[in-house]
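Architecture and fold: a report
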Amino acid sequence: MAALERVWALGRGLGTTFGYLFKPRTTVDYPEKERPVAERFRGLHILDRHDDGLEKCVGCELCQAACPAHCITVEAAENAPDAPTSPGERYAWRYEIDLLRCIFCGFCEEACPTGAIQLTPRHDLIGFRRSEFEVDKRWLTVPDPRRATAAGPAASGGAGERAPGGPIAG
Amino acid sequence: MSSNPPAQSPAGARPAVDGPRPAAPAVSPPPPATVTCTIDGKPYTFPRGTLIVNAVRQVGHPIPYYCYHQKLAPVGACRVCMVSVLGAPLTRPGMGPIVTTGCTTPVFEGLEIETMSEAAKLARKQVLQFLLINHPLDCPVCDKGGECDLQDFTLGYGPGVSEFAERKILRRKADDLGPFLVLDQERCILCQRCVRYENEVTGEQNLVLKERGDRTVIDTGRGEPYSGYFSGNNTELCPVGALTSRTYRFKARPWDVRPVATVCQGCAVGCNATVNLRGDRIVRLLLRDNPQTDGGWLCDRGRYGFGHTTAPARLDRPLIKRNGELVAASWEDAVSAAAAGLRQGAAVLGGGRLTDEEALLLSQLVRVGLKTNDVDWRVGYQTFAAPEAVGMQGAQIGDIDGADLVLLCDTSLLEEAPVVEIRLRRSAGRNTSVIDLGPVRNFRHGPSRRIACAPEDLPARIAALTPDFQAAKSPLIVWDGRGGEALAEAIRGLGARVLVPAEFNNARGAEIAGLVPDALPGYHRLDEAAVFSKAWGAAVPSATGRHTQAILAATGGDVQALYLVGANPLRTFPDGALAAAALDRVGFLVVQDLFLTEAAHRADVVLPALGPLEKEGHVTNMSGVRQAVRRIVSGPSGAKADGEIFRLLAAALGATLADVPAEVASEPVRLRLPAGSASTPPGEGLRLIVRPALFAGGGTAAHDPNFDPVRGGTVVRLHPEDAAELQLAEGDAVHLQSGGTALRAVVSKDGGVARGYAVLAAHVAGVQGLGPRVRVAPARAEVTVG
Amino acid sequence: MPWDAQAADAVVAKYPSPRSAILPLLWLGQNSDGHVTPETVERVADRLGLNISDVESVLSFYTMFRTSPPARHRLQICRSLACAMKGAEEILEHIAAATGVAAGEQSADGGFSVEVVECIAACDHAPAYLCDERMGGPLSPQKALRLLRGEGGDEQ
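Heads up: these notes are all about the structure in this document. Source: prediction; values computed, not measured.

Cut-off values and rules
Residues numbered from 1 in each chain as written. Chains lettered and ligands numbered in written order. Predicted model: local features only at pLDDT ≥ 70, side-chain atom pairs only at ≥ 80, totals over all residues. Heavy atoms only, no water. Contact = heavy atoms within 4.5 Å. Axes fitted to C-alpha atoms, helices over the stretch in contact; angles between N-to-C directions. Helix = DSSP H or I, 4+ residues; strand = E, 2+ residues; numbered from the N terminus. Parallel < 35°, antiparallel > 145°, perpendicular 65-115°, else oblique. Left-handed = near helix turned anticlockwise from the far one by under 90°. Pairing = 2+ DSSP bridges. Buried area = accessible area lost by both parts, 1.4 Å probe. Salt bridge = Lys/Arg side-chain N within 4 Å of Asp/Glu carboxyl O. Polar contact = N/O pair within 3.5 Å; in protein donor to acceptor, adjacent residues only side chain to side chain. Nonpolar A, V, L, I, M, F, W, Y, C, P; charged D, E, K, R; others polar.

1. With respect to the arrangement of the chains
Pairwise contact counts over the two pairs of chains in contact peak for chains A and B. Where chain A comes nearest to chain C, the C-alpha atoms are still 29 Å apart, and the two do not contact one another.

Rendered as structure tokens:
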């Protein structure tokens, strides 16, 4: 009797396991496949550009002021009038984020008057050394659309490969 | 100021300025000194003449304003300081309150002020909306963003949105306005603080309003660069981001700088300033009001003189001469080499740029370490720092305010103590008469009685002024100590207080510390050497030492080694030929400085020192006020503070330095002055005189990258008629020839120079090598002859 | 014409403070040279003990001072309310179409210039104009072109 009960219990347990074979999977083959994130998910940062290729960031440092984790460092400089980096007189020659310190609160995005700093859905924060998480302008800035259309994204170099969706710095 | 009885219209009278003004004509009965009025329902009492804008701020109901400024006369241009007022004669009986400007209306008896009435709030809101019609909203880019009155007041009192959808008028942006300023005409709200500042305060008058109506802009008369010594104050006066500093451009935002209070050590005025640091870098200096010294302004040399802290040319390791070349060495090697070389027959020159504490350490090092009194801080034209030390009565800088007669004795406050000139100009516009004596016009921006005379005639001319001084109630003499005993005697004869701008910023501290050959610290006689020996625990020599001239003349003889502390006699000593010969002759030369100066190139050991913003201590200003200075930046890692170097040297020489000065009760000694020349130098050509110039030379300014735009080449100033006779135009290159030496210079015509003189700036390389007379020849002719 | 020092002294003598003489002295310069030259500004500043910037400031405020040599014929057309409603703008457009010279410009040969001015107090003659300092109106496109050719001067 007792033996029969044990077999029943075993069968019932295996049945549950077996039953999942026919249910939809909840895991995905990460990193080959990714689950969609919530629409307002705040992941890794980018520095955006205008359509004409100029950087949106004007180096105003409001993100740095707003950052509760003090992980942003911005230093500004004056644009060369004949070859400006951003519209107007001022651009950020230095823009660094310590991603290990960042709490992904999105205050920088809210503070930004030009919509330059944006938090993307990307969240693959991987690295082997601390220094890999101290990202600079090259890492953050999206590819220049003018250069991308001229020579293709692959040839855009630098910032291009590191844009969201691409491999992280390593 | 209003002499009307109170019942009549104070509004019709000229608005009062806060602060002293010429005395009003006597009226009887005199109106009471205070008036009582109500502000937002509560009664308050103010001194008569207080402006509403100040009254409401004093009681904690501030209103916004742009054009008004505490240090300027009111003008009523911006119309933002609107308040509701009720009370005759502004309003008639039965009439309600009216809205008026608080900056041009003084309070009067029975006045009722409402700062937050609906009418006043609406008026302010509308004015702010008008001000923003053409103002670009580029606050994230603007250097003023974060400390901008327009931002703050618009947020506090302005409308949330603008009703103006029209396009903004575009004007010149990032306009290059002279060496230190950047002008953005779009951001200007035409408050005219800058224009008024230049008219009322400095007299430099570069900026004016041009055009009219909506096209009005601030600009220089013909678009020429801003020229003047006080341009930087405009950046602090400007309530918006129209006038900004080039050195601060985009360097930081107001919220990421750390303010540290300090004292400017560019000259001996000791202006108070606030250094703004971003990280460990100085990004700007702001003024910090101290009525005793600066009176609330900074000159451009003080404001922008911080570039030397990060200048690439700074010395950051000791150097020792090996096989005729200076090579880097460790501190141990350099100090022991220096000590070994200085052990026999050493003399010390310099010290006018140290802190008080360091000067005292050097004074001890000389006496107990080098066992000599051959020490002198006077390596330039100045013969003394404290008037008390040469039997004169000293004056405070603030005494200029109350003086009724000021004699400028061959001394330009503008070049030697710039901020004091602002004070003199303010007094000169009221009830101070200025006598401007000497071969070059000293007082350029105010009224004066000009007496042109040769340097050797100064004593006679001064003696002739005795009646003026006897008639004056509180006369004052400004003399930088150039000349000698004859001139000093003439000045003593006038019996007035004397203000002495110093050639080196802490000359007075050096003198008190005993860096002179004929006195111990505290101006004590050398006979007190025994007392000092006891206090310092080592023998102090009591024989009188030699002054600079004698030391330089004795090099190669019994002065076998020379220790130059922050001194470069090649640039500063009037007899340049002697200085050059002395440094060539001397057996062993140690130079302690911030930069590799001409003297350092000839040194056997070069010791890198920290600069004025890089060490702690006190400095004594030209009128004897002691002020603390702090270490704000760390300076080059391999450099050491002068005081530390003195201790290292003392240890290497087997001496220890006491930390406290000796307490001695004896009569202070009177310093000996050189006799001074009483004859006109013979010979042909123009008479060469060398006078201080603000941006020329200087221990740090000469190497400061921030001053690159103003340093320019060597400029020789000539009277326009002399220039015409020599067929020279403004800007012509010339050769100044004197004996066997020549110097290339650029001509500047200056009506303030007496005829027959050629004026060069002091502390510039090559200037001191020329003789007392020069032949001025066009540079082109020189090429064809040579 | 050279600067008339005597005339300048006479002007200065009329005013209690030197500053007040800026405008008449500038007129003096403009009347003798046709426009206010930089030398005139310097002389005025020097004569009155003022800064050159001060004089430049006043000079730029008043639109009736010229700082460049005038054209042979100057046509100034009023564009204030009455004149604008009576077609001043159309006349300006006509001139621009016919001659290629827009308001505020001078013809390439220096023969004429076209300017717009604010109300010249002749609304009853709208659109009113000033041709070489003489007032007239109403102006028609054809008449404007005649005036520019120097064939005007037939009225008032």
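2. Considering the packing of helix α3 (residues 38-48) of chain C against helix α4 (residues 52-61) of chain C
All names here are of chain C. Packing of α3 against α4 brings their axes to within 8 Å, and their N-to-C directions diverge by 120°. Taken together, α3 and α4 sit at an angle that is classed as oblique. Where α3 crosses over α4, the handedness of that crossing is right-handed. Contacts from Val41, Glu42, Val44 and Ala45 in α3 reach Ile52, Val55, Glu56 and Leu59 in α4.

3. Considerations on the environment of alanine 502 of chain B
All names here are of chain B. Inspection of the secondary structure assignment puts alanine 502 in the loop between β23 (497-499) and α15 (507-512). For alanine 502 and aspartate 480, which are 22 residues apart along the polypeptide, the C-alpha to C-alpha distance reads 6.3 Å. Contacts of alanine 502, omitting those with residues within four sequence positions, involve Ala268, Gln382 and Ala507.

4. Some words on the side chain of glutamine 592 of chain B
Within the element layout of this structure, glutamine 592 of chain B appears in strand β25 (residues 588-593). For glutamine 592 of chain B, the residues in contact, after removing those within four places along its chain, are Tyr563, Leu564, Val565, Gly566, Leu607, Ala609, Asp642, Ile645 and Phe646 of chain B.

5. Comments concerning the sheet that holds strand β1 (residues 73-78) of chain C
Residues and elements named next belong to chain C. Taken in spatial order, the five strands make up an open sheet running β2-β3-β1-β4-β5, and their pairing is mixed. Only two strands of the sheet have a single partner each, and these edge strands are β2 (105-106) and β5 (134-136). Sheet analysis places β1 next to strand β3 (residues 112-117), joined by six bridges and oriented parallel. Following the sheet pairing, histidine 73 is matched in β3 by phenylalanine 112.

6. Examining the interface of chain B and chain C
With 11 residues of chain B at the contact, the number on the chain C side is 13 residues. Considering only the side of chain B, the residues that lose the most area to chain C are Gln205, Arg212 and Arg222 of chain B, jointly responsible for 55% of the buried surface there. The interface formed by chain B and chain C includes two salt bridges. With a closest N to O distance of 2.5 Å, arginine 222 of chain B and glutamate 56 of chain C form a salt bridge. Where chain B meets chain C, there are seven residue pairs in polar contact (both at pLDDT 80 or more). Residues belonging to the side of chain B that touches chain C are distributed by class as follows: two nonpolar, three polar and six charged.

7. Thoughts on the pattern of salt bridges
Under the defined criterion, the tally for this structure stands at 65 salt bridges over all chains. Its salt-bridge partner being glutamate 132 of chain A, residue arginine 129 of chain A comes within 3.3 Å of it at the nearest N-O pair. Where salt bridges share partners, they join Glu78 and Glu89 of chain A together with Asp138, Lys173, Asp184, Glu186, Arg187 and Arg249 of chain B into one cluster.

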